Amino acid sequence: MEERLQKILSHAGIASRRKAEELILAGRVTVDGAVVQELGVKLDPACHTIAVDGRSLSGAEEHRTFLLNKPRGCVSTAHDDRGRRTVLDFFRDIPLRLYPVGRLDADTEGLLLLTNDGALTQGLLHPRFEVDKTYWAKVTGELTEEKRRYLEEGVLLEDGRTAPARARILERTPRGGLVELTIHEGRNRQVRRMLAAVGCHVTRLERIAFAGLTLAGVDRGTYRELTAEELVGLWRIAGGKA
Ligand code: URA
């Protein structure tokens, strides 16, 4: 049965009707993940997930996932001994416990997902699902067809040979160029080490795609929330429920 949102909140014991209106106007109430700031919206609570400050009326924390275009110089851990900015600093206005899905080095920029859905994180990081990650690496050092093929076939690193990858040379300059590398492993500093193994030094590294998602429309240092369709796509890749 449809009821006004403020009535649903007060019936759930969240707040008085008036306080519930204030919560709505303050943008603290979401319906199916989207903020609803108008009073008087009518809906059936049995058909929607209604949350206040990210906590659904049933008490469970609503799962939300964001795509950040990480700038250089911030770390992907929750804290940094050296006091550098962390990726969580971009989400100060989101009252959820978010965690990055894997890591990017402090000096790597680009696509990083953050979520409070532990199962999704586990699936996306599990080696079994071979989730694709694509990087653009600006390098110094000659880029040859032979090196490109070696990168694709697997290069020998101190922690073993890398899995087959896709490598494209996008640009050649007198001193280096730009390489696109798609890998599905997630070893520490893997792209830098793979390129070092073929005699190239990475001067700039950007992740441009992850699990089919790209940075389109998301400027450096900003984020957006994933859509329901994108989440279904991720779950498909991460081997779980849709
Ligand atoms: N490979 C790297 O070398 N660095 C990253 O941040 C990600 C992949």
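Nothing here was measured: the structure is a model prediction, and the numbers come from that model.

(A) Local environment of the site of the ligand. Residues in contact with the ligand, as listed here, are Leu104, Asp105, Thr108, Tyr135, Arg189, Gln190, Val191, Arg192 and Leu205. Between the ligand and Gln190 there is a distance of 3.4 Å, counted from an oxygen atom to a backbone nitrogen or oxygen. Arg192 is positioned with one of its backbone polar atoms (N or O) 3.0 Å from an oxygen atom of the ligand. Considering the ligand on its own, with 240 Å² of exposed area, one finds that the protein chains cover 96% of that surface. For the shell around the ligand, the leading source of residues is helix H5 (residues 190-197), giving 3 residues. Partitioned by chemical class, the residues of the shell around the ligand number 4 nonpolar, 2 polar and 3 charged.

(B) Here's a closer look at helix H2 (residues 17-25). The set of residues buried in H2 consists of Ala20, Leu23 and Ile24. The buried side chains of H2 occupy one side of the element, clustering within an arc of 100° when seen end-on. Next to the buried residues of H2 lie helix H1 (5-11), strand S2 (29-31) and strand S5 (50-52). Note on H2: the residue one or two positions beyond its end, Gly27, has a positive phi of about 80°.

(C) View of the sheet that holds strand S3 (residues 34-35). Read across the open sheet, the 4 strands follow the order S3-S2-S5-S6; overall the sheet is antiparallel. Where the open sheet ends on each side, the last strands, each with one partner, are S3 and strand S6 (55-56). In terms of strand pairing, S2 meets S5 through 3 bridges, oriented antiparallel. For Thr30, the partnering residue across the bridge sits in S5 and is Ala51.

The rules behind the values
- Residues numbered from 1 in each chain as written.
- Predicted model: local features only at pLDDT ≥ 70, side-chain atom pairs only at ≥ 80, totals over all residues.
- Heavy atoms only, no water.
- Near = heavy atom within 4 Å.
- Polar contact = N/O pair within 3.5 Å; in protein donor to acceptor, adjacent residues only side chain to side chain.
- Areas by Shrake-Rupley, 256 points an atom, 1.4 Å probe, with all protein chains shown as cover.
- Helix = DSSP H or I, 4+ residues; strand = E, 2+ residues; numbered from the N terminus.
- Nonpolar A, V, L, I, M, F, W, Y, C, P; charged D, E, K, R; others polar.
- Buried < 20%, exposed > 50% of the residue type's maximum accessible area, 1.4 Å probe, protein only.
- Arc of directions from axis to C-beta.
- Contact = heavy atoms within 4.5 Å.
- Pairing = 2+ DSSP bridges.

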